[in-house]
There are 2 protein chains.
Amino acid sequence: MQKNIAIVLMGVAGVGKTTIGLALSKAAGIPFFDGDDYHSSSNRDKMSAGIALSDEDRTAWLFELQAVIENTLHKSSCILACSALKKAHRAILEKNSNAIQFVYLEGSKKLIEQRLENRIGHYFPASLLASQLETLEPPENAFTISITQTPSAIVEMIMKTAFNQNTKKAEVGLMGLGVMGKSLTQNFVRNGISVAVYNRELKGVEESVAKNFVESLPLLKDTQAFCDYTSFIDALQSPKKIFLLIEAGRATETILSELAILLNKGDIIIDLGNTFYKETETRIHNFAKKGIHLIGAGISGGERGALNGASIMPSGTKEAYDLVAPYLNSIAAKDKNNQACSTYIGEGGSGHFVKMVHNGIEYAEMQLLAEIYGLARAAGKNPTEIAKMLSSWKLDKLDSFLLNATINILNTKEGEQWLIDKIVDVSESKGTGSWATNALTNAAIPASLIANALYARQISSYKNLRVQLEKNYPNKKEGISINEASLKNAYHFTRMIIHFQGFWLLDEFSKNNNWHLNLSEIARIWTKGCIIQSDFMETLTPILKITPTILLDERITEQIKTTAPAATEIAITALENKVATPIISDAIQFFNAISTAHSTANLIQAQRDFFGAHTFLRIGATATEHYLWES
Amino acid sequence: MQKNIAIVLMGVAGVGKTTIGLALSKAAGIPFFDGDDYHSSSNRDKMSAGIALSDEDRTAWLFELQAVIENTLHKSSCILACSALKKAHRAILEKNSNAIQFVYLEGSKKLIEQRLENRIGHYFPASLLASQLETLEPPENAFTISITQTPSAIVEMIMKTAFNQNTKKAEVGLMGLGVMGKSLTQNFVRNGISVAVYNRELKGVEESVAKNFVESLPLLKDTQAFCDYTSFIDALQSPKKIFLLIEAGRATETILSELAILLNKGDIIIDLGNTFYKETETRIHNFAKKGIHLIGAGISGGERGALNGASIMPSGTKEAYDLVAPYLNSIAAKDKNNQACSTYIGEGGSGHFVKMVHNGIEYAEMQLLAEIYGLARAAGKNPTEIAKMLSSWKLDKLDSFLLNATINILNTKEGEQWLIDKIVDVSESKGTGSWATNALTNAAIPASLIANALYARQISSYKNLRVQLEKNYPNKKEGISINEASLKNAYHFTRMIIHFQGFWLLDEFSKNNNWHLNLSEIARIWTKGCIIQSDFMETLTPILKITPTILLDERITEQIKTTAPAATEIAITALENKVATPIISDAIQFFNAISTAHSTANLIQAQRDFFGAHTFLRIGATATEHYLWES
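Residues numbered from 1 in each chain as written. Chains lettered and ligands numbered in written order. Predicted model: local features only at pLDDT ≥ 70, side-chain atom pairs only at ≥ 80, totals over all residues. Heavy atoms only, no water.

A. How the structure looks around the side chain of T494 of chain B. All names here are of chain B. In this structure, T494 sits in helix α21 (residues 484-513). Only 2.8 Å separates the side chain of T494 from the backbone oxygen of A490, close enough to count as a polar contact. Contacts of T494, omitting those with residues within four sequence positions, involve L368, I583, I584 and A587. (Helix = DSSP H or I, 4+ residues; strand = E, 2+ residues; numbered from the N terminus. Polar contact = N/O pair within 3.5 Å; in protein donor to acceptor, adjacent residues only side chain to side chain. Contact = heavy atoms within 4.5 Å.)

Okay, structure coming up:
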C-alpha cells in the first residue's frame, strides 16, 4: 500500500479549487475539505466587505486546516481546497507532514475575472482578485496545472501525477498471469499500451498474483491489477479487448462462461491459449450470437517471444481482427523487413489450427535434432563437440532457433559434467502433437513426420519396457562411423520434407475448410518470434508465393536431389548400427512413396475386394467393380 | 401374400372344436365361426331331445356354413368348427373352393365321454356320442391331431401345418440384409436357429429385400421376413435378441432410437457393426437405463466368415452375454480344437475396441504384403512367380488368410494379363484404421505400424501428386537384387512386430480401462474365421497366456534375433533402390527404439524446458525442475 497523501488545491479565488476538489474526491474516493468552510466568521465578514485578510487572520485559519489534514491522514488520503498563496502559508499546512502535495491551479487574470463574474451566490467579490494576485507567491514544488483545460482533464492529470494513478481506462485487458501472461503484459506496456491484468485468487495457491506482479516491476506502475471479474472488466475501455492466457480446456471454459455474462455486444476476446481449433470454431459461433467477438490466436515463442515479440496467428471474423490488429502487431516479433510477425490467418479456428501445425513441425524438428545428436554421440562425439559441429552448420543457411537451443543445451555443463547427461530420457507432450496427428489422420493428409515424432516421444516414455527389452536384444553398437557432411545433408533433407508436409497439411485443410490460407504469409510470420523460426523459413517465404507444394519448386528440387543420397546413407548407417532414427527414416520413406507414380496400393484394393467385396476401380473405368475371386 | 384359407375343425362332439377354434382365431388373427351357432331351431330341438340328425337335417346346415365360409374367404382366412363327420358333408363345405383345410381332432371314445360329462350348460347330451362315432367317416386329407395334447400345443400344430406359419416365435431377429446380414442369416438357420429378418423398405432402392431374400433360398422357408419394426419385433421370442448388421453411424443410430421405444426390459441388442467403441459404451449406458441390454460385438471374416463361421468379439455385461452366447457360438468359426471363435471380451465397448485393433493389424499386414509384392516386382518377378514364392512360405509356418488371398489375387489372370495390373493403385479405407490410429495416438501407446499402414494408403490416394513428383525425381530403379530368404525373414520379422504392437495396444488399453482382456483368448478366436487368422496367431495363443509382451518370450526372442538382420538387409536394399517400404522400415525403427534403454529423449526434454519452461526430471530426482539456461 502507498502511504496516504493530502492534495492541496491552491491558487487565487476563481481558479476552480472547489469544483476540482469535489470531482477529484469522487474520482479518487477520498474526502474533500473546502478551506472556505473553515474561515472564522470575522474572516468571512471581512471578505464579504471586500477587505483583504491580514496574515494574522490567515494564520489561525491555516492552523485549523493543518489540524484537519493531519487527523485525516492517519486514516486516508484527502483533498483540501485552500488558496495557500504565500510560502509561509504553505509552510504551516505541511509543518508536521511530508505527505502534502500542492497542486497549483494557474490561470490568467483575465480568465479568472471572467469566471468570478459568472459566479452566482458566492460571497467573494471580484474586486479582491487583484489583492490575491499581489499576495501570491507561486509555489516551486507544486504540480502546476493550467485551468484552461476542462475540469475532467485537470482531475485526470492530478490522478496521474499526484496519485500516480490512471483513471483513463486500460486499452486492453489480460487474464492469466502465468509465464506467458506476465511476459505479454510487459510487452504491451513497453509498447505504450495500457493494460489491466487479472489473475484468479486461490487461497494458498494463487494469492495476490496480479497485485504482486505489477508491484514487482517499475515498468508496470500504471498497470491496474485485479482478482475479480467485474472490476477488471470495468477498468477497460469499450469495446473491451480481453486477451486470455489461460490453460486450454476447463480453465478457459470457466472464464469464457463468465465473460459471456459480463461482456457486451462489440467486445472482443482474444484466446491466445493452445485451444483445439474446432473448439474455437464452436466458441466463435456461440459468442457471435451475443454479438461478442472471439479471436482464436495461436502464439509461439515461449517466454522470450512473449516478452520481446512473438509470432501470432489470429483467426475469426476480419471485422474483429481489424479491431485488435494494432495490439497484436505491437506485441509481435518483427521480421527482417520490420513487419509484424502477426497476420490475419482466416475465418473460424484457422489460427489455432495453424498454431497446431506449427507445433507439429516443432515436434518433428526436435525429434530430428535428437536423432542427429544420437548419431553423433554414437559416433563418439561428446556434447560440446556436437554443439561445435551444429554451430558450423549455421554457416550453410541451416540456422534456426531450435538449432541454437540445442547448441546451448549441449554446451551447458555443471562442473565437469554435461547437464544433458543428467536428464531422464523420457519426453513428454501436451495436446497439440496428438491433436495434429488426429487431424491429419482423419483428413487423410499423411503428414506422417508429425505423427512419428509424437510416437518417438511416446516410445521414450516406456522406459521400463525399453530397459527390459535391451536386456533381451543387447546388440547396440558404439563408435560407429558417420560422415559429418552426410549428417548435415540428412538434417537438411529431413527438414525440407518436414516443411513440405507441414505446408501441405495447411494447404489441404485450407481447401477443405475454405480458409484461403496465405501460406507465404504464414511462413513470413514464422521467420521470427516463434520456435520454428529458421533460415529455411526465410527461404520458403517467397517459394510459397508460387506453389504450396514446395517439392515442386526447382530450388527445393535441386536441394532435395543434392541431399537425398546423404539422407539415405545416414539412414542405412543407422540401420546397420541399430540406432533408431524414425524421423530421418520416415522422411525418406515418405519422399520415396510420394514421388512414386505407380504404387502397390492396387494389391491392397484387390485384397479389400477379395475378403470384403469392397470393390476396386479398373484402370480406365469410371465405376468400381466387385470381382468374383476364386477361393 | 398367401391366399386365404379356411380351417375346418372337424370331429365328433366333445373333441374341443370350439375351444381350439377360439384359441386359433386369437393366434392367427382371423374370424372363427362355430357351426353349432348355425343349426336351425328344429335341429337344436332334436339334438337336445337326444335324437340324431338325419342327412337331410345336416345338408341344409352344411350349405349354410359353406356360404359363410365362401363369403369370408374373399376377405380373409377363417376358422370353422363343424363336425363334418361324413365325406359327403365335407364335400358340401369345399364344393366351391380349394381353400378348405380340414383339421380332424381325434380322441378315444373314453376320453371324449369324460370330457362331455364334465361339460356344463351344453345342449349336446353325452348319449349321442355313440351315434356320432358310428356316423364318422375319418377323413383322408385332413391334418389329424390327437386331442391328448394341450389346446395351445394343438393350436401351434395347426398354425405350423395349416398356415405354414410358426407361432413359435423366432429365437433371434436380424436387422440389415447386406452381404453380411444375408450370410449370417443362413449361418443361423443352418445351425438350427430360427430367425426373423428385417430390412428397411426404400422405394426404388431397397424394395422387398427381406421377402425376396427368404424366398430365394429353400434353406430359409421357415424364416419370417419383415419390413416394419413392429411386426418384426412381435415375431421374436422374449427376451428378444436382435442382431444388427447395419452400417455404423447414422443408420445404426436411427434403428437404435426406434428399438429404444419398441423393446422391453430384458431384451438384448447385439450390434455387429463396426461401431466406434466409445459410442458403444455410451449406448450400453443409455440402454441400461431402460433395462435393455446392448452387446457390442465386433465380427470379422467378411462374407465367407459370416456364412461359414466368423470370429466374433462381443462385449457388454456378462449377464447379457450369457443370454446370447449360444447364438454367437453357433455362428462362429471353430478353432483347431473345435471351440467357437467367439468369447466374452469384457465390459463396455471392449469388443468393438478389440475388433478395431484387429483391423489395425489387418491394415499393417496388408501393407506389408504390398511391400513384399513391390520389392519382388522390382526384382523382376511377375505376379505368378510372386504367388509361387509366397506359396512356398506356407511351409515355414507363415501361412495366413491374407497370404492366401494375395496368392489367389496374384494368380488371377484375364486372358494373358494379370488382373492386378489392371487395378488402379489408389487404396481406400473405412473408419477403423483412423479410429485405431486416433486411439493409440491419444492413449500414448505408439503402435506406429497401424498408423503408418494407414498413411501408406492415404499417400496412395494422392495419385496426381505422385505422378507430378515422379517427374521431378525420376530415379526409380528396376531389376534390383533381392535375396528371397531375406525377404521371407523380413516378412516374418515385420509380422512379429505388428503383432507385438497389436497385443501391446490391447494390453495397455485393457489396463487403462479395467477391461481385464484375456489376450490369449483373443488370439485364439483370431485363429480361425477372421481376416488376420494365421499360423502365427496359433503360435501366439499359448505365448500370450504367459506374457502380453511377446517380445519378451524366449521363443519370439529367438525368432526376432534370427530374422532382424534380414529385415535390416531388405530395408537397406529398399532404401538403396528408392522403393518405399514404410512398414518394414517402421518395424525396424520401432524395434530399435523400444529395445534401447538409453534414448535421446533427454535432449527433447531439455529443449522443451529451454523454450517453454516445461521442466525436466533429473536422473535420481523425484521432482522436475526448470533450468535457467543462458541464452
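B. Representation of the interface of chain A and chain B. The interface of chain A with chain B comprises 116 residues on the first partner and 117 residues on the second. In this assembly, chain A packs against chain B so that about 10800 Å² is buried in total across both faces, 63% of it on carbon and sulfur atoms. Interface area lost by chain A to chain B is led by Y473, L575 and F611 of chain A, which between them contribute 7%. Counting across the interface, chain A meets chain B through 2 salt bridges. In this structure, R618 of chain A and E414 of chain B form a salt bridge, with 2.7 Å as the shortest nitrogen-oxygen distance. At the boundary of chain A and chain B, one finds 54 residue pairs in polar contact (both at pLDDT 80 or more). Tallied by class, residues from the side of chain A that touches chain B come to 57 nonpolar, 36 polar and 23 charged. (Buried area = accessible area lost by both parts, 1.4 Å probe. Salt bridge = Lys/Arg side-chain N within 4 Å of Asp/Glu carboxyl O. Nonpolar A, V, L, I, M, F, W, Y, C, P; charged D, E, K, R; others polar.)

C. The arrangement of helix α26 (residues 601-612) of chain B in detail. Residue and element names in this part refer to chain B. Here α26 contains 12 residues, and its C-alpha end-to-end distance of 16 Å stays within 8% of the 16 Å for a straight helix at 1.5 Å per residue. Of all 12 residues that make up α26, 11 are buried, and the element is covered over most of its length. All of the buried residues in α26 are A601, N602, L603, I604, Q605, A606, Q607, R608, D609, F610 and F611. Immediately beyond the C-terminal end of α26, within one or two residues, lies A613, with a positive phi of roughly 55°. (Expected span 1.5 Å × (residues − 1). Buried < 20%, exposed > 50% of the residue type's maximum accessible area, 1.4 Å probe, protein only.)

D. Molecular detail of the packing of aromatic side chains. With the rule as written, the count across this model stands at 50 aromatic pairs over all chains. Taking the centre distance of 5.1 Å and the plane angle of 65° together, the rings of F276 of chain A and Y277 of chain A count as edge-to-face. Under the relative-accessibility criterion, Y277 of chain A is labelled buried at 6%. Between the aromatic rings of F500 of chain B and W504 of chain B, the centroid separation amounts to 5.6 Å while the plane-to-plane angle is 20°, which identifies the pairing as stacked. (Phe/Tyr/Trp six-rings, centres within 6.5 Å; stacked < 30°, edge-to-face > 60°.)

E. Local environment of the relation of the copies chain A and chain B. Each copy superposes on the other: chain A lies on chain B with an RMSD of 1.8 Å after a rotation of 180° and an axial shift of 0.5 Å. What we have between these two chains is a two-fold relation. In terms of C-alpha distance to the rotation axis, chain A has N438 of chain A as its closest residue, with the C-alpha 2.7 Å off the axis. (Least-squares fit on C-alpha atoms with pLDDT ≥ 70 in both.)

F. Structural view of the pattern of salt bridges. Residue and element names in this part refer to chain A. Overall, the coordinates contain 52 salt bridges over all chains when judged by the stated rule. A salt bridge links R524 to D335; the shortest N-O distance between them is 2.9 Å. Of this pair, R524 sits in helix α22 (residues 519-525) while D335 sits in the loop between α14 (318-331) and α15 (350-378), and the two are 189 residues apart along the sequence. Taking relative accessible area as the criterion, R524 reaches 15% and is therefore assigned buried. Across the pair K528 and E538 runs a salt bridge, and its minimum N-O distance is 3.4 Å. With K528 in the loop between α22 and α23 (535-546) and E538 in helix α23, this pair connects stretches of sequence that are 10 residues apart. Taking the relative accessible area as the measure of exposure, K528 reaches 30% and is therefore partly exposed. Here the salt bridges share partners, and the residues they tie into one network are E253, D271, E279 and R283.

G. Expanded view of the sheet that holds strand β9 (residues 241-244) of chain B. Residue and element names in this part refer to chain B. Read from one edge of the open sheet, 7 strands run β8-β7-β6-β9-β10-β11-β12, paired in mixed fashion. Here the strands that pair on one side only, and so sit at the sheet edges, are β8 (224-226) and β12 (311-315). On average, adjacent strands in this sheet sit at an angle of 25° to one another, irrespective of strand direction. Where β9 and strand β10 (residues 268-271) come together, 4 bridges link them in parallel fashion. Along β10, the bridge assignment pairs L244 with D271. Lying over the sheet, helix α9 (residues 209-216) contacts β7 (195-198) and β8, oriented at roughly 160° with respect to β8. Its contacts with the sheet put helix α14 (residues 318-331) on β6 (172-175), β9, β10, β11 (293-300) and β12, and the angle it makes with β11 is roughly 30°. (Pairing = 2+ DSSP bridges. Axes fitted to C-alpha atoms, helices over the stretch in contact; angles between N-to-C directions.)

H. Structural detail: the sheet that holds strand β2 (residues 32-34) of chain A. Residues and elements named next belong to chain A. Read across the sheet, 5 strands follow the order β2-β3-β1-β4-β5 without closing on themselves; strand pairing throughout is parallel. Edge strands, defined here as strands with exactly one partner in the open sheet, are β2 and β5 (143-146). For this sheet the average axis-to-axis angle between neighbouring strands, irrespective of direction, equals 20°. Where β2 lies against strand β3 (residues 78-81), 3 bridges are found, and the strand directions are parallel. Across the sheet, F32 pairs through a bridge with I79, a residue of β3. Along the sheet, helix α1 (residues 17-28) contacts β1 (6-10), β2, β3 and β4 (100-106); its crossing angle with β2, the most-contacted strand, is approximately 165°. Taken strand by strand, helix α3 (residues 55-73) contacts β1, β2, β3 and β4, and its axis lies near 170° from that of β3.

I. Structural context of the pairing of β4 of chain A. Residue and element names in this part refer to chain A. Among the 7 residues of β4, 6 are classified as buried, and the element is accordingly described as predominantly covered. Here β1 pairs with β4 via 5 bridges, running parallel. Note that in β4 the partner of I7 across the bridge is Q101.

Purely geometric numbers; function is a separate question.
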